[in-house]
Amino acid sequence: MNQNDSKREVACTLTEEQEAERREEVRARLVDHYLGYEEHENGVVVRFDGTDESLEALAEFTSNELQCCSFAEYEIAVSPPYEETRLTVTGPDGTTEMFQDGFVDRLDVESA
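Residues numbered from 1 in each chain as written. Predicted model: local features only at pLDDT ≥ 70, side-chain atom pairs only at ≥ 80, totals over all residues. Heavy atoms only, no water.

Brief notes about the packing of helix H1 (residues 16-29) against helix H2 (residues 52-68)
Direction vectors running N to C along H1 and H2 enclose 165°, while the axes themselves pass 11 Å from each other. Classified by the angle their axes make, H1 and H2 are roughly antiparallel. Between H1 and H2 lies a crossing of left-handed hand. Each of Arg 22, Glu 25, Val 26 and Arg 29 in H1 lies in contact with H2, whose residues at this interface are Glu 56, Ala 57, Glu 60, Phe 61, Asn 64, Glu 65 and Cys 68. Classifying every residue of the contact of H1 with H2 by side-chain character gives four nonpolar, one polar and six charged. (Axes fitted to C-alpha atoms, helices over the stretch in contact; angles between N-to-C directions. Helix = DSSP H or I, 4+ residues; strand = E, 2+ residues; numbered from the N terminus. Parallel < 35°, antiparallel > 145°, perpendicular 65-115°, else oblique. Left-handed = near helix turned anticlockwise from the far one by under 90°. Contact = heavy atoms within 4.5 Å. Nonpolar A, V, L, I, M, F, W, Y, C, P; charged D, E, K, R; others polar.)

This is the structure in structure tokens:
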């Protein structure tokens, strides 16, 4: 997939029940590791601490997201000195807003 492919529809296919389960998963597994985010061209970069737990939780989160938000591209990056793990999510127009509203805002509220 190419993030510049504007033909991909930005939409999540989760049901309300599935979204509630995903919200709980994010709260339980990712909130304590959340450090912040930056907007990225056509997406967001979300920063977490560099622990094994956050890396494992991000890998599972990303695997789940591939099923419901297949329009997006996901990249998990860990670089020396391994103090931070970054999840970059990019895609067509609307990706930034969707992940800010549905993911980053949730992390911001829960971690405050």
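A word on the pattern of salt bridges
Evaluation of the coordinates by the stated rule reveals eight salt bridges. In this structure, Glu 84 and Arg 47 form a salt bridge, with 3.2 Å as the shortest nitrogen-oxygen distance. Separated by 37 residues along the polypeptide, Glu 84 in strand S4 (residues 84-90) and Arg 47 in strand S2 (residues 43-49) bring together distant segments of the chain. Between Arg 86 and Glu 84 there is a salt bridge, and its shortest N-O distance comes to 3.8 Å. A residue is classified by how much of its surface remains accessible, and Arg 86, at 24% relative accessible area, is partly exposed. Ionic contacts of the salt-bridge type, sharing partners, join the residues Glu 38, Arg 47, Glu 84 and Arg 86 into one network. (Salt bridge = Lys/Arg side-chain N within 4 Å of Asp/Glu carboxyl O. Buried < 20%, exposed > 50% of the residue type's maximum accessible area, 1.4 Å probe, protein only.)

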